[in-house]
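Given next are the chains, with one letter for each unit.
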Amino acid sequence: MTTDSVPHLLATPNGPFVTTTPVVLRTATEVMSEHGEPMTWSFGPPTRVDVDTALCRCGRSDEKPFCDGTHAEADWRSTDTVSSASADERTLRLAGTGVTLLDDESLCMHAGLCGTARTSVWSMLEETDDSEVRGSMIRMTLGCPSGRLTAEVDGARIEPALPAEVHVVPGGPLWLTGGVAVTVEGHDTLEAANRRTLCRCGASGSMPLCDGTHGEIDFDAGGLGR
Ligand code: FES
């Protein structure tokens, strides 16, 4: 894939995300256990949208995930910030047995796939001399949508194979996968990432990224089609 063909979103100041290439949208829903623990993701059918499609990020549109212009009436402010530190500089490297857990907390959106009621990837790291625990821990990092958590084995990062698409998470962010690029207007394009979550509720404290605030404000938004 050439740089020109990488799907790309522009975060406009105090306005929506705008596609600067055609983009595939798809709903992504967390699959929950009977105990209310998120386990994995289920994906809806694809919808292709064209260049200049505006996606709501103030959380107020009646046409979500699309923008209907309400941000202007509401005088919503995007307060975008872009970290001056590189991903490598932000990332903690936590050593286990046969695996290193890479942890960039600044990206966290609290999806919760990193743990259950009984354990978490950080607890499991202490038991990675057991290959079964090690494998389970690595699989849990693959479900992290924001890219906060990555496992590294023998110097190689273990990343999930994800298509270059934009996923609409009901009640949550836009989840960008497969290297979809993001430029915050007035700043450089963000570092390339296989996984990234963007706020669409309008209330994140680290815009344009999602920081999990949608869960505190009961953001009521469906996936595609609502
Ligand atoms: S969608 Fe706004 S904080 Fe997650």
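Residues numbered from 1 in each chain as written. Predicted model: local features only at pLDDT ≥ 70, side-chain atom pairs only at ≥ 80, totals over all residues. Heavy atoms only, no water.

(A) Spatial organisation of the pattern of salt bridges. Tallying each qualifying case throughout the model produces eight salt bridges. For Glu165, the salt bridge goes to Arg26, with nearest N and O atoms at 2.7 Å. In this pair, Glu165 is assigned in strand 11 (residues 165-168) and Arg26 in strand 3 (residues 23-32), connecting sequence segments 139 residues apart. Assigned by exposure class, Glu165 and Arg26 land together as buried. Between Arg195 and Glu159 there is a salt bridge, and its shortest N-O distance comes to 3.1 Å. With Arg195 in strand 14 (residues 195-198) and Glu159 in the loop between strand 10 (156-158) and strand 11, this residue pair connects regions lying 36 residues apart in the sequence. For Arg195, a relative accessible area of 4% translates into the label buried. (Salt bridge = Lys/Arg side-chain N within 4 Å of Asp/Glu carboxyl O. Helix = DSSP H or I, 4+ residues; strand = E, 2+ residues; numbered from the N terminus. Buried < 20%, exposed > 50% of the residue type's maximum accessible area, 1.4 Å probe, protein only.)

(B) View of the environment of Thr97. Among the structural elements, Thr97 can be located in the loop between strand 7 (92-95) and strand 8 (100-103). Note: C-alpha distance between Thr97 and Val184 (87 residues apart in sequence) is 39 Å.

(C) Structural detail: the domain arrangement of the protein. Each domain of the protein was delimited in the assignment, giving domain 1 (3-83 + 162-215) and domain 2 (89-158). The partner domain 2 presents 19 residues to the 18 residues of domain 1 that form the contact. The junction of domain 1 with domain 2 conceals about 1300 Å² of combined surface from both sides, 50% of it contributed by carbon and sulfur atoms. Ranking the residues of domain 1 by area buried against domain 2 places Glu37, Trp41 and Arg195 at the top, with a combined share of 40%. Between domain 1 and domain 2 we count zero salt bridges in total. For the pair domain 1 and domain 2, the interface holds eight residue pairs in polar contact (both at pLDDT 80 or more). Put simply, the parts of the chain that give the side of domain 1 that touches domain 2 at least two residues each are strand 4 (38-43) and strand 14. (Domains from an automatic or database assignment. Contact = heavy atoms within 4.5 Å. Buried area = accessible area lost by both parts, 1.4 Å probe. Polar contact = N/O pair within 3.5 Å; in protein donor to acceptor, adjacent residues only side chain to side chain.)

(D) Representation of a negative patch on the surface in the model. A cluster of acidic side chains, namely Glu126, Glu127, Asp129, Asp130 and Glu132, defines a negative patch on the protein surface. Position of Glu126 relative to the elements: it lies in the loop between helix 3 (121-125) and helix 4 (131-142). (Patch = residues over 30% accessible without salt bridge, like charges linked within 9 Å, V, L, I, M, F, W, Y side chains within 5 Å. Areas by Shrake-Rupley, 256 points an atom, 1.4 Å probe, with all protein chains shown as cover. Lys, Arg positive; Asp, Glu negative; His and termini not counted. Charge placed at Lys NZ, Arg CZ, Asp CG, Glu CD.)

(E) Structural view of the sheet that holds strand 8. With respect to topology, four strands assemble into an open sheet ordered 7-8-9-10, the strand pairing being antiparallel. Edge positions in the open sheet fall to strand 7 and strand 10, since each of these has one partner strand only. Across the sheet, the axes of successive neighbouring strands diverge by a mean angle of 30 degrees, strand direction being ignored. Judged from the four bridges that link them, strand 7 and strand 8 form a sheet pairing that is antiparallel. Looking at the pairing, Ala95 lines up with Thr100 of strand 8. In the packing of helix 4 onto the sheet, the strands contacted are strand 8, strand 9 (149-153) and strand 10, and the crossing angle to strand 9 comes to about 135 degrees. (Pairing = 2+ DSSP bridges. Axes fitted to C-alpha atoms, helices over the stretch in contact; angles between N-to-C directions.)

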